[in-house]
Amino acid sequence: MRREDFGLEAHEPEQTISIPVLTVKEMSKEERPRERAIKHGIESLTTAELLAIILRTGQQGFPVTDLCRQLMNDNDNSLLRLARRTRGELTLTKGIGDAKALQVEAMMEITRRYHLELIDSTTRILDPIKTSDSIFQRMRYRISNLDHEEVWILLLNRRNQVIKEFRLTSGSSTASVFDTKMILKRALLENAEGLAMCHNHPSGNLRPSPQDDNITRKLFAACTSLDLRMLDHVIITVNGFYSYSDEGRLG
């Protein structure tokens, strides 16, 4: 009997559709970091692979994983060095245009803000400045890895708690623009009882310069004349810090 004899339509036999499953090795290079992160955790990825997840795409014949490895190689595999690159310097790496350079800058800025948020939490704000290390820990993520000098002033109350902090200079010769009057004016307006000064050395050299010595003496004398306590002048780099107070050179 045929199917038609029972009033049934003839049908073609059903076909099984085979869906290929790609192994990690068969995936494109751009997909591999994501697959590994899902399977083994984000911490299993290299820095270049983490960057690849953020930048997402490369160029024809130049996968994003290769692009990110090249970017890290161009910066000695150092995030500290990468963070100091300008947008123009980032675009010198093959495959990095303005859009990708902005993505890298955004990533580094989020990292910086994360550390500042840790430092600026309520408990840290209320913690008094007791040592030179207190100043270093408070300011290291703000200025230690900058490619230019910045001078910051911390205004303190009677308990040495920070009531105000402000940037005095940025990107210029410290000695030529150092304004003692401005510091004292801000201190008086905030009813500060004391202050501490810090600035960074982009070169990484912790040794104070003659100009550093001069402005330290100048500010200490000015503070003394107004009965303001000058606790310290701390020079900060990514490698550590130098304290005038610890070295017995304040004043």
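Residues numbered from 1 in each chain as written. Predicted model: local features only at pLDDT ≥ 70, side-chain atom pairs only at ≥ 80, totals over all residues. Heavy atoms only, no water.

S.K.: Any chance you could break down the layout of surface pockets for me, citing the residues and the numbers?
M.R.: Counted as a void, the largest pocket has a volume near 870 Å³. If you list the elements that add at least two residues to the lining of the largest pocket, you get α2 (47-55), α4 (79-83), α6 (98-119), α8 (132-143) and β1 (150-156). Taken as a whole, the second largest pocket encloses approximately 170 Å³ of empty space. Along its surface, the second largest pocket is lined by 13 residues, and Leu80, Arg81, Arg84, Asn145 and Val238 are the ones closest to its centre. Of the residues that constitute the lining of the second largest pocket, the class distribution is three nonpolar, six polar and four charged. (1 Å grid on protein atoms, 1.4 Å probe; cavity = no way out; pocket = protein on both sides within 12 Å on 5 of 7 lines; lining within 4 Å. Points joined across faces, edges and corners; volume = space filled by probe spheres on them. Helix = DSSP H or I, 4+ residues; strand = E, 2+ residues; numbered from the N terminus. Nonpolar A, V, L, I, M, F, W, Y, C, P; charged D, E, K, R; others polar.)

S.K.: How would you explain the nonpolar core if you had to name every residue and give the values?
M.R.: General note: in soluble globular proteins, nonpolar side chains tend to be found buried as a group. Counting 18 residues, the largest nonpolar core has Ile153, Phe178, Leu195 and Leu219 as the members making the most contacts within it. Residue assignment for this core shows that the elements contributing at least two residues are β1, β2 (162-170), α10 (180-189), β3 (194-200) and α11 (210-225). With four residues, α11 is the single largest residue contributor to this core. For Leu219, the contacting residues outside a window of four places in its chain are Phe178, Thr180, Ile183, Leu195, Met197 and Met230. Leu51, Leu71, Ala101 and Met108 belong to the second-largest nonpolar core, a separate cluster that totals 17 residues. (Core = buried A, V, L, I, M, F, W, Y, C linked by side-chain atoms within 4.5 Å. Buried < 20%, exposed > 50% of the residue type's maximum accessible area, 1.4 Å probe, protein only. Contact = heavy atoms within 4.5 Å.)

S.K.: How would you sum up the side chain of Thr237? Please name residues and give values.
M.R.: With respect to the helices and strands, Thr237 occurs in strand β4 (residues 229-237). Judged by relative accessible area, Thr237 falls into the buried class, the value being 1%. For Thr237, the residues in contact, after removing those within four places along its chain, are Phe136, Ser144, His201, Gly204, Asn205 and Leu206.

S.K.: Now, about the packing of aromatic side chains: what can you tell me, with residues and values included?
M.R.: Counted according to the given criterion, the structure contains two aromatic pairs. The interplanar angle of 85° and the centroid separation of 5.4 Å between the aromatic rings of Tyr242 and Tyr244 together place this pair among those described as edge-to-face. Given a relative accessible area of 1%, Tyr244 falls into the buried group. The residue whose ring lies beneath Lys94 is Phe62, and the NZ or CZ to ring-centre distance is 4.5 Å. Stacked on the ring of Trp152, the Lys or Arg Arg142 has its end atom at 4.8 Å from the ring centre. (Phe/Tyr/Trp six-rings, centres within 6.5 Å; stacked < 30°, edge-to-face > 60°. Lys NZ or Arg CZ within 6 Å of the ring centre and 35° of its normal.)

S.K.: Go over unusual backbone geometry with me, naming the residues and quoting the values.
M.R.: The backbone of Arg56 shows a phi angle near 75°, a positive value even though the residue is not glycine. If you trace the backbone, Arg56 turns up in the loop between α2 and α3 (64-74). With a phi close to 60°, Asp227 is a non-glycine residue in the positive phi region. By the element assignment, Asp227 lies in the loop between α11 and β4. Residue classification places Asp227 among the exposed residues on the basis of a relative accessible area of 71%.

S.K.: Give me the packing of α10 against α11: which residues, what numbers.
M.R.: Relative to each other, α10 and α11 sit at 40°, their axes nearing to 10 Å. When the interaxial angle is binned, α10 and α11 end up oblique. The way α10 lies across α11 gives a crossing that is right-handed. Where α10 abuts α11, its residues Thr180, Ile183 and Leu184 lie against Lys218, Leu219, Ala222 and Cys223. (Axes fitted to C-alpha atoms, helices over the stretch in contact; angles between N-to-C directions. Parallel < 35°, antiparallel > 145°, perpendicular 65-115°, else oblique. Left-handed = near helix turned anticlockwise from the far one by under 90°.)

S.K.: Lay out the sheet that holds β3 in plain terms, naming residues and giving numbers.
M.R.: Pairing is mixed across the open sheet formed by five strands, whose spatial order is β2-β1-β3-β4-β5. Of all the strands in the sheet, the pair left with one neighbour each is β2 and β5 (240-243). When strand polarity is set aside, the average angle formed by the axes of neighbouring strands in this sheet is 20°. In this structure, β4 lies alongside β5, joined through four bridges in antiparallel fashion. (Pairing = 2+ DSSP bridges.)

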